[in-house]
Amino acid sequence: MLLRDLPVRDVMVTDVLTFRTDDNVQDAMRALVLGDIDGAPVVDDDGAVVGLLSTGDLIVEEARLHLPTVITLLGAVLELPSSKRRFEDDLEKALGATVGEVMSETVSTVGPDDTFETAATVMHEENQDRLPVVDGSGVLVGIIARGDIVRAIVRDADARGSHDVSGG
């Protein structure tokens, strides 16, 4: 079977970190960091995918914060007190936010029977690093990431290379 025809189910990861919309952003951030991953699907009570949370969403959310206004006057750095207070309030609000407030709601998905080629194409066209794999009801059954695709390509190349005796 050609690699491009391989079903997603043969490449996807089924042990998937997920979040709920009402999870705390700070807790979600910690889970992503500890899991050494940069994104995870957000699911509802039925396991259906309703969004995707990525470290990119968290960085964008953080960038919306108003950083303290600092004024340099004759070599002395003065921080405007109202600005610092506003930053601390914004930071507290952002870290108290829920996953549902910062997640991407537009999520491309693939099915377990879709081909490897389809998944790679969707990732490329949608500029996504990972795609939730859902069944016919939209319920999460796995995830496929760029790294999974790269690993499969390398394994396939190695397997074909070991049969190649031309020795170029």
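Note that this is a predicted model, so its numbers are computed, not measured.

Conventions used here
- Residues numbered from 1 in each chain as written.
- Predicted model: local features only at pLDDT ≥ 70, side-chain atom pairs only at ≥ 80, totals over all residues.
- Heavy atoms only, no water.
- Core = buried A, V, L, I, M, F, W, Y, C linked by side-chain atoms within 4.5 Å.
- Buried < 20%, exposed > 50% of the residue type's maximum accessible area, 1.4 Å probe, protein only.
- Helix = DSSP H or I, 4+ residues; strand = E, 2+ residues; numbered from the N terminus.
- Contact = heavy atoms within 4.5 Å.
- Arc of directions from axis to C-beta.
- Polar contact = N/O pair within 3.5 Å; in protein donor to acceptor, adjacent residues only side chain to side chain.

*Asks:* Please explain the nonpolar core as it appears in this structure.
*Replies:* A general feature of soluble globular proteins is that nonpolar side chains tend to end up buried together. Of all hydrophobic cores here, the largest spans 15 residues; its most connected members are V8, V110, F116, L131 and I144. Among the secondary structure elements, those contributing two or more residues to this core are helix 5 (116-126), strand 5 (130-134) and helix 6 (146-163). If one sorts the elements of this core by residue count, helix 5 sits on top with four residues. What L131 contacts, discounting residues up to four positions off in sequence, is S108, V110, A119, V122, M123, I143 and I144. Grouped together as the second largest cluster of nonpolar side chains are 11 residues, F19, A40, V42 and V99 included.

*Asks:* Would you mind showing me how to read unusual backbone geometry here?
*Replies:* Glycine aside, negative phi is the norm for most residues, and most peptide bonds take the trans geometry. Residues other than glycine seldom take positive phi values, yet D36 does so here, at roughly 55 degrees. Its place among the elements puts D36 in the loop between helix 1 (25-35) and strand 1 (39-43). One non-glycine residue, N127, lies in positive phi territory at about 55 degrees. Relative to the elements of secondary structure, N127 occurs in the loop between helix 5 and strand 5.

*Asks:* It is not clear to me how helix 1 should be interpreted in this structure. Could you clarify?
*Replies:* What sets the pattern is the α-helix's 3.6 residues per turn: residues three or four places apart point alike. Those residues of helix 1 that fall on the buried side of the exposure criterion are V25, A28 and L32. Across the axial projection of helix 1, the buried residues extend over an arc of 60 degrees, all falling on one side. In this structure, helix 1 carries V33 and L34 as exposed residues pointing more than 90 degrees from its buried face. Residue N24 occupies the N-cap position of helix 1, its side-chain oxygen lying 2.7 Å from the main-chain nitrogen of Q26. Downstream of helix 1 by one or two residues, D36 has phi in the positive range, about 55 degrees.

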